[in-house]
Amino acid sequence: MTRGKMTQEKMTQEKMTRAEKVGAAGQLPQHDIFMHAALEAARRGMLAGEPPVGACLVTGGEIIATLSNAVIGELDITAHAEMRVIREACGQLRRLDLSECTLYVTVEPCLMCLTACHYAGITDVIYGAAIADMNAITGNELGGSPGTSLSDPMSLKLEGGCLAAECRALIASWSGGRQVD
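All figures in this text were calculated on a predicted structure; none of them were measured in a lab.

1. A word on the overall build of the chain
Along the chain, the regular secondary structure elements total seven helices and five strands. Counting helices and strands in the order they occur from the N terminus, the chain gives α-α-β-β-α-α-β-α-β-α-β-α. By the burial criterion, 43% of the 181 residues in the chain qualify as buried. The long-range fraction of contacts in the chain, counting pairs at least 24 apart against all pairs at least 6 apart in sequence, stands at 59%. When the accessible surface of the chain is totalled, it reaches about 9,800 Å², and 55% of it is carbon and sulfur.

What follows is the structure, given as structure tokens:
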């Protein structure tokens, strides 16, 4: 075997071992494991003065990137958690096609982040709290009418409600205790 093949086989074996560890990390459903990673990122972001939004990008049962919002710290309006994990994953994987990835995010993505998912080929997006939960605290900064899905114009599958109560509690904590209905 050549050195390159041995390295590739070793990397594949290491990835399988990490994926097995993630799957064996308790009896939590797979979605919950990855949403917990996003929640932890959101908590770290909140401690840094950011809105409590965290994202985790996964492929083949392996976490590629987990980050929080950094809009305030980076003075970058596009530094949403979703945008940051997409950027990080493209850099790590050295490609723009993330079609085999699933995005986990603590709050339903905005149109900018959904559009980035669309262009990256990400079709599976799992979120916790609805964008309406964030708007209940911050106001209706994202526009749209109640009951309108932000993903209607795009071919994305959105699945909401994953650890929603925990995600809403984090938003309420961040907001100084104002409750999300």
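Additional details are given in the paragraphs that follow.
2. Notes on the pairing of strand S2 (residues 62-68)
Relative to S2, strand S1 (residues 54-59) is paired through six bridges, and the arrangement is antiparallel. Each residue of the ladder has a partner; that of Gly 54, found in S2, is Ser 68. Counted along the chain from S1 to the antiparallel partner S2, the turn is two residues long, and its residue Gly 60 has a positive phi close to 55°.

3. Observations concerning the nonpolar core
Among the nonpolar cores identified, the biggest contains 46 residues, and Met 35, Leu 57, Ile 86, Leu 98, Leu 103 and Ile 122 are the most heavily contacted of them. Looking at this core, the element that brings in the most residues is helix H2 (residues 30-47), giving seven residues.

4. Here's the deal with the packing of helix H6 (residues 131-138) against helix H7 (residues 164-174)
Closest axis-to-axis distance for the H6/H7 pair is 10 Å, and the angle between their directions is 15°. Between H6 and H7, the interaxial angle falls into the category roughly parallel. For the pair H6 and H7, the sense of crossing is right-handed. Across from Asp 133, Met 134, Ile 137 and Thr 138 in H6, the residues of H7 making contact are Arg 168, Ile 171 and Trp 174. Class assignment for the residues of the contact of H6 with H7 results in four nonpolar, one polar and two charged.

5. Here's the deal with unusual backbone geometry
In the Ramachandran plot, Leu 75 falls in the positive-phi region, its phi being about 50° despite a non-glycine side chain. Relative to the assigned elements, Leu 75 resides in the loop between helix H3 (71-74) and helix H4 (81-93). The class for Leu 75 is exposed, based on a relative accessible area of 78%. Positive phi, normally seen in glycine, also occurs at Leu 163, with a value near 50°. Here Leu 163 lies in the loop between strand S5 (157-159) and H7.

6. Quick word on H2
Compared with an ideal rise of 1.5 Å per residue, which puts 18 residues at 26 Å, H2 spans 26 Å between its outermost C-alpha atoms and is within 8% of the ideal. For H2, every residue scored as buried is listed here: Asp 32, Ile 33, Phe 34, Met 35, Ala 37, Ala 38, Leu 39, Ala 41, Ala 42 and Gly 45. Positioned one or two residues after H2, Gly 49 has a phi angle of 90°, which is positive.

7. Some points on the pairing of S1
Of all six residues in S1, six are buried; the element is thus mostly enclosed. Both faces of S1 are covered, namely the face carrying Gly 54, Cys 56 and Val 58 and the face carrying Ala 55, Leu 57 and Thr 59. Where S1 lies against strand S3 (residues 101-107), five bridges are found, and the strand directions are antiparallel. Within S3, the position partnered with Leu 57 by the bridge is Leu 103.

Reading the values: the criteria
Residues numbered from 1 in each chain as written. Predicted model: local features only at pLDDT ≥ 70, side-chain atom pairs only at ≥ 80, totals over all residues. Heavy atoms only, no water. Helix = DSSP H or I, 4+ residues; strand = E, 2+ residues; numbered from the N terminus. Buried < 20%, exposed > 50% of the residue type's maximum accessible area, 1.4 Å probe, protein only. Contact = heavy atoms within 4.5 Å. Areas by Shrake-Rupley, 256 points an atom, 1.4 Å probe, with all protein chains shown as cover. Pairing = 2+ DSSP bridges. Core = buried A, V, L, I, M, F, W, Y, C linked by side-chain atoms within 4.5 Å. Axes fitted to C-alpha atoms, helices over the stretch in contact; angles between N-to-C directions. Parallel < 35°, antiparallel > 145°, perpendicular 65-115°, else oblique. Left-handed = near helix turned anticlockwise from the far one by under 90°. Nonpolar A, V, L, I, M, F, W, Y, C, P; charged D, E, K, R; others polar. Expected span 1.5 Å × (residues − 1).

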